[in-house]
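A structural walkthrough
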Amino acid sequence: MRLDHVATVAGFPVAVADVDARETRLRDGPQANALPAPGTSEGRQLRRWLTQLIVTDQVVAAEAAARGLDGDGAPSEIDLLPDATARLEIGSIAAAALADPRARALFADVTADVDISADDVAAYHARNPLRFAPSRAGSHGWRVPPAEDPPLDEVRPAVAQHLLGAARRRAFRVWLDARRAAVVQLAPGYEHPGDPRQPDNTHRH
């Protein structure tokens, strides 16, 4: 018997039709040929991933509303996710949620008290002395590595921004995981794609 919902969020059902609609949009889109066939193990994993997107959006929307956040004045996506590494750090579900300005406002609110110390900055620079060193002009228009390590004071703002961004992404990911665990109940067949207990999880060690 087919279920009529894929999950509940704080007791409110998420309809199978919502996942169907999201999948249909993907399959009607420009990357349809890259998607797994419906009904296969990979196709079921796609639906589990879409379910995660939907319930995360609902968790974020409810929490933003509870905090009185409507997205006005939210940081931009590039501020929070400046590169591919940042997206990997926070995870694909959270990264997708941050397309919504309400989620970015929530990110800013949740991580407002996150900070790093001067010792953190100094230790990072000691381990990665050339990480933020500017390259030099070489021959024939090429750029070449710096001749020597830059002093800490020269790169301190860049190191601090890098570390603070990573710390805030980590804090938001942990908060979001905990919030979803508290309010989301997934229906059988719609478990998290990475849940080792569901039969379509093919990741093995």
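Structure report, in brief. No experiment lies behind these values; they were computed from the predicted model shown. (Residues numbered from 1 in each chain as written. Predicted model: local features only at pLDDT ≥ 70, side-chain atom pairs only at ≥ 80, totals over all residues. Heavy atoms only, no water.)

**Let's talk about the overall build of the protein chain**
Summing up its helical and strand segments, the protein chain has eight helices and five strands in all. With the C-alpha coordinates of the protein chain rotated into their principal frame, the extents come out at 70 × 45 × 35 Å. Here the protein chain holds 205 residues, and 33% of them are scored as buried. In the protein chain, of all internal contacts separated by at least 6 residues, the share reaching a separation of at least 24 is 68%. For the protein chain, the accessible area works out to roughly 12200 Å², and carbon and sulfur atoms hold 55% of it. The distance from the centre of the 24 positive side-chain charges to the centre of the 28 negative ones in the protein chain is 4 Å. (Helix = DSSP H or I, 4+ residues; strand = E, 2+ residues; numbered from the N terminus. Buried < 20%, exposed > 50% of the residue type's maximum accessible area, 1.4 Å probe, protein only. Contact = heavy atoms within 4.5 Å. Areas by Shrake-Rupley, 256 points an atom, 1.4 Å probe, with all protein chains shown as cover. Lys, Arg positive; Asp, Glu negative; His and termini not counted. Charge placed at Lys NZ, Arg CZ, Asp CG, Glu CD.)

**Observations concerning the side chain of Gln-198**
Along the chain, Gln-198 turns up in the segment after strand S5 (184-186). Judged by relative accessible area, Gln-198 falls into the buried class, the value being 1%. Looking at Gln-198, its side chain comes within polar contact range of the side chain of Gln-45, at 2.9 Å. Beyond its immediate stretch of four places on either side in the chain, Gln-198 contacts Gln-45, Arg-48, Glu-191, His-192 and Pro-193. (Polar contact = N/O pair within 3.5 Å; in protein donor to acceptor, adjacent residues only side chain to side chain.)

**Details of the nonpolar core**
By size, the foremost hydrophobic cluster in this structure holds 30 residues, and its most contacted members are Ile-90, Leu-98 and Phe-172. Those elements that provide at least two residues to this core are strand S1 (5-9), helix H1 (16-27), helix H2 (41-66), helix H4 (84-90), helix H5 (92-97), helix H6 (101-110) and helix H8 (152-183). Per-element accounting of this core gives the leading share, seven residues, to H2. Other than its neighbours up to four places away in sequence, Ile-90 contacts Leu-81, Ala-95, Leu-98, Phe-107, Arg-169, Phe-172 and Arg-173. Among the nonpolar cores identified, the runner-up in size contains five residues, and Val-121, Tyr-124, Val-155 and Val-159 belong to it. (Core = buried A, V, L, I, M, F, W, Y, C linked by side-chain atoms within 4.5 Å.)

**Digging into the packing of aromatic side chains**
Taken as a whole, this structure holds three aromatic pairs when the rule is applied. Between Phe-107 and Phe-172 the ring centres are 5.0 Å apart and the planes differ by 45°, which places this aromatic pair in the tilted class. Of this pair, Phe-107 sits in helix H6 while Phe-172 sits in helix H8; the two residues are 65 residues apart in sequence, bridging distant segments of the chain. For Phe-107, a relative accessible area of 3% puts it in the buried group. (Phe/Tyr/Trp six-rings, centres within 6.5 Å; stacked < 30°, edge-to-face > 60°.)

**Here's the deal with the pattern of salt bridges**
Per the counting criterion, the structure on display carries 16 salt bridges. Where Arg-47 meets Asp-20, a salt bridge forms, and the shortest distance between an N and an O atom there is 2.9 Å. Residue Arg-47 is located in helix H2, and its partner Asp-20 is located in helix H1; the two are separated by 27 residues in the primary sequence. Overall, the relative accessible area of 14% leaves Arg-47 in the buried class. Residue Asp-20 is classed as partly exposed on the basis of its relative accessible area, which comes to 25%. Each of Asp-20, Glu-23, Arg-27 and Arg-47 takes part in salt bridges that share partners, so that together they form one network. (Salt bridge = Lys/Arg side-chain N within 4 Å of Asp/Glu carboxyl O.)

**Points about H2**
Relative to the 38 Å expected for 26 residues at 1.5 Å per residue, H2 spans 38 Å between its end C-alpha atoms, a close match to the ideal helical length. Directly beyond the C-terminal end of H2, a positive phi value near 75° is found at Gly-68. (Expected span 1.5 Å × (residues − 1).)

**Section: the packing of helix H7 (residues 118-127) against H8**
Interaxial distance between H7 and H8 falls to 9 Å at its minimum, and their mutual angle equals 105°. Between H7 and H8, the angle is such that the two are roughly perpendicular. Along the contact surface, H7 presents Asp-120, Val-121, Ala-122, Tyr-124 and His-125, while H8 presents Leu-152, Val-155, Arg-156, Val-159, Ala-160, His-162 and Leu-163. Of the residues belonging to the contact of H7 with H8, the class tally is eight nonpolar, two polar and two charged. (Axes fitted to C-alpha atoms, helices over the stretch in contact; angles between N-to-C directions. Parallel < 35°, antiparallel > 145°, perpendicular 65-115°, else oblique. Nonpolar A, V, L, I, M, F, W, Y, C, P; charged D, E, K, R; others polar.)

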